[in-house]
Amino acid sequence: MDMTPKEYQAYVKRMQKKSPLGKDMALAFVIGGLICVAGQAIGDGFRGAGLNTEDAGTATSVSLVFLSALLTGLGLYHRLARFGGAGTLVPITGFANAVVSPALDFKAEGFVTGMAAKMFVIAGPVIVYGTLASVVYGVVLWALG
(Lines give C-alpha, C1' and ligand atoms only; values in the text may rest on other atoms or scores of the structure.)
Protein backbone atom coordinates (compact mmCIF):
# COMPACT_ATOMS: atom_id res chain seq x y z
CA MET A 1 0.00 0.00 0.00
CA ASP A 2 1.69 3.17 -1.20
CA MET A 3 0.54 6.37 0.52
CA THR A 4 1.78 9.90 0.65
CA PRO A 5 2.67 11.24 4.09
CA LYS A 6 -0.54 13.29 4.10
CA GLU A 7 -2.66 10.25 3.21
CA TYR A 8 -0.88 8.21 5.88
CA GLN A 9 -1.62 10.87 8.55
CA ALA A 10 -5.29 10.87 7.52
CA TYR A 11 -5.35 7.05 7.71
CA VAL A 12 -3.78 7.03 11.18
CA LYS A 13 -6.22 9.69 12.39
CA ARG A 14 -9.18 7.60 11.15
CA MET A 15 -7.85 4.48 12.89
CA GLN A 16 -7.20 6.12 16.28
CA LYS A 17 -9.61 5.25 19.04
CA LYS A 18 -11.33 8.29 20.49
CA SER A 19 -10.61 8.72 24.18
CA PRO A 20 -13.54 9.46 26.50
CA LEU A 21 -11.92 12.58 27.95
CA GLY A 22 -14.50 13.28 30.65
CA LYS A 23 -14.42 9.71 31.96
CA ASP A 24 -10.62 9.57 31.86
CA MET A 25 -10.32 12.85 33.76
CA ALA A 26 -12.85 11.74 36.38
CA LEU A 27 -11.05 8.42 36.93
CA ALA A 28 -7.68 10.17 37.19
CA PHE A 29 -9.12 12.57 39.75
CA VAL A 30 -10.69 9.77 41.82
CA ILE A 31 -7.69 7.40 41.71
CA GLY A 32 -5.18 10.18 42.40
CA GLY A 33 -7.40 11.38 45.23
CA LEU A 34 -7.64 7.88 46.69
CA ILE A 35 -3.84 7.56 46.63
CA CYS A 36 -3.63 10.86 48.49
CA VAL A 37 -6.30 9.72 50.97
CA ALA A 38 -4.29 6.55 51.59
CA GLY A 39 -1.21 8.72 52.17
CA GLN A 40 -3.15 10.87 54.62
CA ALA A 41 -4.35 7.76 56.47
CA ILE A 42 -0.79 6.41 56.66
CA GLY A 43 0.45 9.78 57.92
CA ASP A 44 -2.32 9.92 60.53
CA GLY A 45 -1.32 6.42 61.62
CA PHE A 46 2.30 7.48 62.08
CA ARG A 47 1.24 10.57 64.03
CA GLY A 48 -1.05 8.39 66.15
CA ALA A 49 1.92 6.13 66.84
CA GLY A 50 3.75 9.12 68.35
CA LEU A 51 5.79 10.59 65.49
CA ASN A 52 5.87 14.37 65.16
CA THR A 53 4.41 15.93 62.02
CA GLU A 54 7.72 16.23 60.15
CA ASP A 55 8.84 12.66 60.90
CA ALA A 56 5.36 11.32 60.11
CA GLY A 57 5.51 13.08 56.72
CA THR A 58 8.87 11.53 55.95
CA ALA A 59 7.71 8.08 57.03
CA THR A 60 4.55 8.48 54.94
CA SER A 61 6.56 9.37 51.83
CA VAL A 62 8.87 6.41 52.35
CA SER A 63 5.88 4.12 52.88
CA LEU A 64 4.14 5.32 49.72
CA VAL A 65 7.32 4.85 47.67
CA PHE A 66 7.75 1.35 49.12
CA LEU A 67 4.13 0.40 48.42
CA SER A 68 4.36 1.74 44.87
CA ALA A 69 7.58 -0.18 44.23
CA LEU A 70 6.03 -3.33 45.69
CA LEU A 71 2.87 -3.00 43.59
CA THR A 72 5.03 -2.34 40.51
CA GLY A 73 7.10 -5.44 41.20
CA LEU A 74 3.95 -7.52 41.62
CA GLY A 75 2.54 -6.16 38.34
CA LEU A 76 -0.42 -4.51 40.06
CA TYR A 77 0.53 -0.84 39.66
CA HIS A 78 0.29 -1.20 35.88
CA ARG A 79 -3.31 -2.37 36.22
CA LEU A 80 -4.13 0.56 38.46
CA ALA A 81 -2.46 2.97 36.02
CA ARG A 82 -4.44 1.60 33.08
CA PHE A 83 -7.61 2.32 35.04
CA GLY A 84 -6.64 5.57 36.78
CA GLY A 85 -4.45 7.13 34.11
CA ALA A 86 -2.65 10.33 35.11
CA GLY A 87 -4.06 10.03 38.63
CA THR A 88 -1.43 7.39 39.31
CA LEU A 89 1.40 9.44 37.80
CA VAL A 90 1.11 12.68 39.75
CA PRO A 91 1.55 11.56 43.38
CA ILE A 92 4.92 10.37 44.68
CA THR A 93 3.82 6.82 43.86
CA GLY A 94 3.96 7.58 40.15
CA PHE A 95 7.54 8.78 40.46
CA ALA A 96 8.51 5.59 42.31
CA ASN A 97 6.81 3.53 39.61
CA ALA A 98 8.73 5.45 36.92
CA VAL A 99 12.01 4.42 38.58
CA VAL A 100 11.17 0.81 39.47
CA SER A 101 9.43 -0.23 36.26
CA PRO A 102 12.39 0.32 33.87
CA ALA A 103 14.73 -1.21 36.45
CA LEU A 104 12.66 -4.39 36.45
CA ASP A 105 12.24 -4.41 32.68
CA PHE A 106 15.98 -4.20 32.01
CA LYS A 107 17.42 -6.25 34.89
CA ALA A 108 18.20 -9.10 32.47
CA GLU A 109 20.70 -6.74 30.77
CA GLY A 110 22.78 -6.69 33.96
CA PHE A 111 23.03 -4.47 37.00
CA VAL A 112 25.10 -1.68 35.44
CA THR A 113 24.21 -1.61 31.73
CA GLY A 114 20.62 -2.70 32.28
CA MET A 115 19.02 -1.90 35.58
CA ALA A 116 21.14 1.07 36.70
CA ALA A 117 21.38 2.62 33.23
CA LYS A 118 17.64 2.45 32.55
CA MET A 119 16.38 3.21 36.05
CA PHE A 120 16.24 6.98 35.53
CA VAL A 121 15.32 7.08 31.84
CA ILE A 122 11.83 8.35 32.66
CA ALA A 123 12.45 9.85 36.10
CA GLY A 124 15.75 11.52 35.21
CA PRO A 125 14.28 14.56 33.44
CA VAL A 126 11.94 15.11 36.39
CA ILE A 127 14.92 15.14 38.75
CA VAL A 128 16.98 17.42 36.49
CA TYR A 129 14.29 20.01 35.83
CA GLY A 130 12.93 19.81 39.37
CA THR A 131 16.40 20.54 40.72
CA LEU A 132 16.93 23.32 38.19
CA ALA A 133 13.58 24.91 39.05
CA SER A 134 14.39 24.77 42.78
CA VAL A 135 17.75 26.49 42.17
CA VAL A 136 16.11 29.23 40.10
CA TYR A 137 13.42 29.66 42.76
CA GLY A 138 16.09 29.83 45.48
CA VAL A 139 18.08 32.45 43.57
CA VAL A 140 14.93 34.54 43.05
CA LEU A 141 14.08 34.35 46.75
CA TRP A 142 17.65 35.24 47.68
CA ALA A 143 17.70 38.17 45.23
CA LEU A 144 14.40 39.54 46.51
CA GLY A 145 15.69 39.25 50.07
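Please read these numbers as outputs of a predicted model, since none were measured by experiment.

A. Spotlight on the packing of aromatic side chains. Using the criterion set out here, one finds zero aromatic pairs in the structure. Directly above the aromatic system of F106 lies the positively charged group of K118, at a separation of 5.2 Å from the ring centroid.

B. Quick look at the pattern of salt bridges. Following the criterion strictly, the structure yields one salt bridge and no others. R47 is the partner of D44 in a salt bridge, and the nearest nitrogen-oxygen pair spans 2.5 Å. Placement of the pair is D44 and R47 together in helix α2 (residues 21-48), with a separation of three residues, close to one helical turn. What makes R47 partly exposed here is its relative accessible area of 30%.

C. Spatial organisation of the packing of helix α3 (residues 53-73) against helix α5 (residues 92-105). As a packed pair, α3 and α5 sit with axes 8 Å apart at the nearest point and diverge in direction by 40 degrees. Judged on the interaxial angle alone, α5 and α3 are oblique. The chirality of how α3 crosses α5 is right-handed. Where α3 approaches α5, its residues S61, L64, V65, S68, A69, T72 and G73 are matched on the opposing element by I92, T93, A96, N97, V100, S101 and L104. Classifying every residue of the contact of α3 with α5 by side-chain character gives seven nonpolar, seven polar and no charged.

D. Inspection of the side chain of T60 at higher detail. Among the structural elements, T60 can be located in helix α3. Other than its neighbours up to four places away in sequence, T60 contacts G39, I42, G43 and F46.

About the cut-offs
Residues numbered from 1 in each chain as written. Predicted model: local features only at pLDDT ≥ 70, side-chain atom pairs only at ≥ 80, totals over all residues. Heavy atoms only, no water. Phe/Tyr/Trp six-rings, centres within 6.5 Å; stacked < 30°, edge-to-face > 60°. Lys NZ or Arg CZ within 6 Å of the ring centre and 35° of its normal. Salt bridge = Lys/Arg side-chain N within 4 Å of Asp/Glu carboxyl O. Helix = DSSP H or I, 4+ residues; strand = E, 2+ residues; numbered from the N terminus. Buried < 20%, exposed > 50% of the residue type's maximum accessible area, 1.4 Å probe, protein only. Axes fitted to C-alpha atoms, helices over the stretch in contact; angles between N-to-C directions. Parallel < 35°, antiparallel > 145°, perpendicular 65-115°, else oblique. Left-handed = near helix turned anticlockwise from the far one by under 90°. Contact = heavy atoms within 4.5 Å. Nonpolar A, V, L, I, M, F, W, Y, C, P; charged D, E, K, R; others polar.

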